[in-house]
Amino acid sequence: VYIADIKTMVTRLPLENAWADARKTVSHIELVVVDVTTDTGLVGTGISHSSGVGALAIESLVKDYLGPSLIGKSISPRALWEYGWDYLHDEGGGGVTTMALAALDIAFWDVVAKDLGRPLVDLLGRVRDRVPVYGSGINLGMSIDELLDQVDGWVGRGYKAVKVKVGKDDLEEDVERIAKVRERIGALPLMVDANQKWSAPEAARRIHALERFGLLWVEEPMLADDIEGQCRLRSQVSIPLAMGENVYTPWQFRDLIVGGAMDFVQADIGRVGGITPWLDIAALARTYNRPMAPHFMLELSADLLCCVPNGYIAEDIAGGSLTDLGALATSRTVVDGYLYASESPGHGLEFDRSKLLACRVGGEPV
Ligand SMILES: [Mg+2]
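Caption draft 1: Just the layout of surface pockets, in detail. A volume near 680 Å³ is recorded for the largest pocket. In terms of lining, the largest pocket is formed by 37 residues, of which the most central are Lys24, Gln196, Glu245, Asn246 and Arg271. Among the elements of the structure, β1 (3-20), β2 (25-38), β3 (43-50), β5 (162-165), α9 (250-258) and β10 (314-317) are those that each provide at least two residues to the lining of the largest pocket. No other element matches the three residues that β2 contributes to the lining of the largest pocket. Class assignment for the residues of the lining of the largest pocket results in 14 nonpolar, 11 polar and 12 charged.

Dropping the structure here:
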């Protein structure tokens, strides 16, 4: 099948409650939605996301540059990914370029699976039918009572682990919050996320202060760009480190994994460039016995976790799943702490088009 048409739009979906972490606040999630129509009349849909900044630039790379050059090409996702990455590489090997590629790549895989009439999970190679999910809160701005209420909600719904933010200016405040959460959840796995806030010496000191809480991981203690610094930090602390949401290329993942800094691999399907490179990163991680715990994109991440042997756990950011954002016509529900693979042809994400259009920015009026 061949690409006959590519349509794009940007939608800006408001969060029910604004997010606050150690470095910023977020009020909207932007989605770049790409529909690829084939010469046989199939339509595949892909998305990319931003935390409120950049979606129009990402859309433009698809709509004004890469997209027109793809018309008439055969839909083979890996070949098209290589072509597209090469096409955009002068604008950066990772970042907005890979975010543009992601929306296309997801749409291409959707087309191929629909063409075969099979769920994406079976096309890629199912190794399990469901994945455990953890509750993840962007909750640094919450009071301790609000934080404990959020945690209670996850525990009550059977989530398999809980992650909360750290990065208060006052270390004692972080320690107090984590102590309260640990007390509330008992032995349930607990993770913390510093969103790249700390300097190298501060990161080591702060992590040592959290050691007594038996944390599964500390996430992004330092600037994600500082690969050497993360590797050195890992040799100074006893808690495993998780990162990957601000890492964009397989080569960067390689250096962080080989250097020992990345115990849990949090590759974000949207930021790394879609399903194709995400699977490469998962295979790389597997050779170092590193579990995949992808950032964000709950519904699609869960399906990919069903397709790799080292799939570990999916992240349900409160308010941030496509279901929570109201982007889907058919919601995907976490059941007893698990998300089940979609059994519909393609990736199975059916978008609520009227909602997307109601929140649309830029582009032609509809
Ligand atoms: Mg994070």
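Caption draft 2: Expanded view of helix α5 (residues 144-156). Look at α5: 18 Å from first C-alpha to last across 13 residues, which is about the 18 Å you get at 1.5 Å a residue. In this structure, the buried residues of α5 make contact with β4 (130-136), β5 and α6 (171-185). Phi for Gly158, located one or two positions after α5, is positive at around 85°.

Caption draft 3: Region of the structure containing the sheet that holds strand β12 (residues 360-361). One open sheet holds the four strands; their spatial order is β3-β2-β1-β12, and the pairing between them is antiparallel. This sheet does not close on itself; its edge strands, each paired only once, are β3 and β12. Along the sheet, helix α1 (residues 55-70) contacts β1, β2, β3 and β12; its crossing angle with β1, the most-contacted strand, is approximately 170°. Seen against the sheet, helix α3 (residues 96-116) touches β1, β2 and β3 and runs at an angle of roughly 150° to β3.

Caption draft 4: Local environment of the nonpolar core. One finds Ile178, Val181, Leu215, Trp278 and Met292 to be the most contacted residues of the largest nonpolar core, which totals 88 residues. Considering every element that reaches this core, the biggest residue donor is helix α11 (residues 275-287), with six residues. Setting aside anything within four residues of it in sequence, one finds Leu215 in contact with Ile178, Leu190, Val192, Leu210, Ile239 and Pro240. In this structure, Val32, Val34, Trp85 and Ala107 belong to the second largest nonpolar core, which totals 25 residues.

Caption draft 5: Quick peek at the side chain of Ser342. Considering the arrangement of structural elements, one finds Ser342 in the loop between β11 (338-340) and α13 (353-358). Excluding its chain neighbours within four sequence positions, the residues that come into contact with Ser342 are Pro119, Asp303, Arg332, His347 and Gly348.

Caption draft 6: Highlighting the pattern of salt bridges. All chains considered together, the criterion is met by 22 salt bridges. The salt bridge involving Asp110 is made with Lys114; its shortest N-O contact spans 3.0 Å. Here the residue Asp110 and the residue Lys114 both occupy positions in helix α3, the gap between them amounting to four residues, near one helical turn. The exposure class assigned to Asp110 is buried, which follows from its relative accessible area of 1%. Here the salt bridges share partners, and the residues they tie into one network are Arg118, Asp122, Arg126, Asp129 and Glu343.

Caption draft 7: Main features of the coordination of the magnesium ion. Coordination sphere of the magnesium ion, protein contribution only: Asp193 (OD), Glu219 (OE) and Glu245 (OE), at 2.0 to 2.2 Å. Read from N- to C-terminus, the donor residues coordinating the magnesium ion fall into the pattern D-x25-E-x25-E. Remark: Glu245 occurs in the loop between β8 (241-243) and α9 and Asp193 occurs in strand β6 (residues 190-193); sequence separation between them is 52 residues. Assessed through its relative accessible area of 1%, Asp193 is described here as buried.

Rules used in this analysis
- Residues numbered from 1 in each chain as written.
- Predicted model: local features only at pLDDT ≥ 70, side-chain atom pairs only at ≥ 80, totals over all residues.
- Heavy atoms only, no water.
- 1 Å grid on protein atoms, 1.4 Å probe; cavity = no way out; pocket = protein on both sides within 12 Å on 5 of 7 lines; lining within 4 Å.
- Points joined across faces, edges and corners; volume = space filled by probe spheres on them.
- Helix = DSSP H or I, 4+ residues; strand = E, 2+ residues; numbered from the N terminus.
- Nonpolar A, V, L, I, M, F, W, Y, C, P; charged D, E, K, R; others polar.
- Expected span 1.5 Å × (residues − 1).
- Contact = heavy atoms within 4.5 Å.
- Pairing = 2+ DSSP bridges.
- Axes fitted to C-alpha atoms, helices over the stretch in contact; angles between N-to-C directions.
- Core = buried A, V, L, I, M, F, W, Y, C linked by side-chain atoms within 4.5 Å.
- Buried < 20%, exposed > 50% of the residue type's maximum accessible area, 1.4 Å probe, protein only.
- Salt bridge = Lys/Arg side-chain N within 4 Å of Asp/Glu carboxyl O.
- Donors = N, O, S within 2.8 Å, 3.2 Å for Na, K, Ca; no water.

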